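Here is how the chains run, residue by residue.
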Amino acid sequence: MLLNRLLGPEPGLVAFDLDGTLVNSVPDIATAVDKMLVALGREPAGEQAVAHWVGNGAENLVRRALAGGHGDALEASVSDAEFATAFPVFRKHYQACNGRLTRLYDGVRECLEVLQALGVPQAVVTNKPKLFADPLLAALGIDRFFDRVIGGDCFPEKKPSPMALDHLARDLSVKPGHSLMVGDSKHDVGAGRAAGYRVLCVSYGYNHGEPIADSRPDAIVDSLAELVA
């Protein structure tokens, strides 16, 4: 089993990213972004553009949408006043559509079920705000698998900071070296490495359009079912 090859015979913890790893949430996120932009008198961005903006939390997503692109310079050009006007509009629309078009990726439910049967603690560590993550997991019927759900608003720093993963290992009394971070982006790799976790990435997902192999995770799979095969 790949899980045991990565963590040894007694895995301590598997922490999953959410968007782009467990679920394809871009259709709902893009709907909310476009409704926000239209409400502000702007042109909609479209799903393809929004897919490249996901991964650093809702605040950065909204700033990228307002800036019309991805990049620190563009995001910095958005004033605090613009953001303060736009973010509640996005939040309202996303809360209304969260989970409607979002779907689990193939192999996810199988992976979660096997890990639960093996008694391996599971958690979600996402940059998505917890007020969006919790109802989404419930709507998809997978909330029961997770011992902890940590959102991007739960700690002062988001991934790639290791803060949430450090807390999780202490909270569940597991050794980081026997724990696994599973994600789709360089931010997941950075957080996992900094926390001392092993890192598994999926070949699908978002990662701002960059090949995940460039971030050099410990392993890459095309389906999470491969983790427990």
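Note: the structure precedes this text.
Residues numbered from 1 in each chain as written. Predicted model: local features only at pLDDT ≥ 70, side-chain atom pairs only at ≥ 80, totals over all residues. Heavy atoms only, no water.

### Structural notes on the nonpolar core
What counts, and what does not: Residues enter a nonpolar core if they are buried and are Ala, Val, Leu, Ile, Met, Phe, Trp, Tyr or Cys, with the set joined through side-chain atoms within 4.5 Å. Relative accessibility thresholds used throughout: buried, under 20% of the residue-type maximum; exposed, over 50%; partly exposed, between the two (1.4 Å probe, protein chains only). Whether two residues are in contact is decided by their heavy atoms, any of which lying within 4.5 Å being enough.
Counting 60 residues, the largest nonpolar core has Phe16, Phe90, Phe146, Leu200 and Leu224 as the members making the most contacts within it. With near-sequence residues (within four places) excluded, Phe146 lies in contact with Phe16, Leu22, Leu112, Gln122, Ala123, Val124 and Leu137. Core analysis: the second largest hydrophobic core is formed by 14 residues, Ala123, Ala164, Ala169 and Ala195 among them.

### Here's the deal with helix 8 (residues 130-139)
Here is the rule we go by: Under the DSSP-based scheme used, a helix requires at least four consecutive residues in state H or I and a strand at least two consecutive residues in state E, with every element numbered from the N terminus. By arc we mean the arc of the directions from the helix axis to the C-beta atoms, nothing more.
The set of residues buried in helix 8 consists of Phe132, Ala133, Leu136 and Leu137. Relative to the axis of helix 8, the buried residues are bounded by an arc of 120° and lie together on one face. Here the buried face of helix 8 lies against strand 2 (23-24), helix 4 (58-67), helix 6 (80-97), strand 4 (122-125) and strand 5 (148-150). Once helix 8 finishes, Gly141 follows within two positions and takes phi at roughly 75°, a positive value.

### Concerning the environment of Arg100
Among the structural elements, Arg100 can be located in the loop between helix 6 and strand 3 (103-104). The spatial distance from the C-alpha of Arg100 to the C-alpha of Asp134 is 14 Å, given a sequence separation of 34 residues.

### Focus: the sheet that holds strand 5
Cut-off, in case you're wondering: DSSP-based pairing: two strands are paired if at least 2 bridges between them are found. Simply put, an axis is a line fit to the C-alpha atoms, just over the touching stretch for a helix, and the angle between two N-to-C directions goes from 0 to 180 degrees.
An order of 5-4-1-6-7-8 is seen for the 6 strands of this open sheet, with the pairing classed as parallel. Lying at the two open borders of the sheet, with one neighbouring strand each, are strand 5 and strand 8 (219-221). For this sheet, the mean inter-axis angle between neighbouring strands, taken without regard to orientation, is 20°. In this structure, strand 4 lies alongside strand 5, joined through 3 bridges in parallel fashion. Residue pairing for strand 5: Val124 is matched across the bridge by Val149. Taken strand by strand, helix 10 (residues 186-195) contacts strand 6 (179-183) and strand 7 (198-202), and its axis lies near 170° from that of strand 7.

### Comments concerning helix 4
By the criterion of burial, helix 4 is predominantly enclosed, with 7 of the 10 residues buried. Inspection of helix 4 places Ala58, Leu61, Val62, Arg63, Arg64, Ala65 and Leu66 among the buried residues, and these make up the whole buried set. Just past helix 4, the residue Gly68 takes up positive phi, approximately 80°.

Shape is all these values report; function is a separate question.
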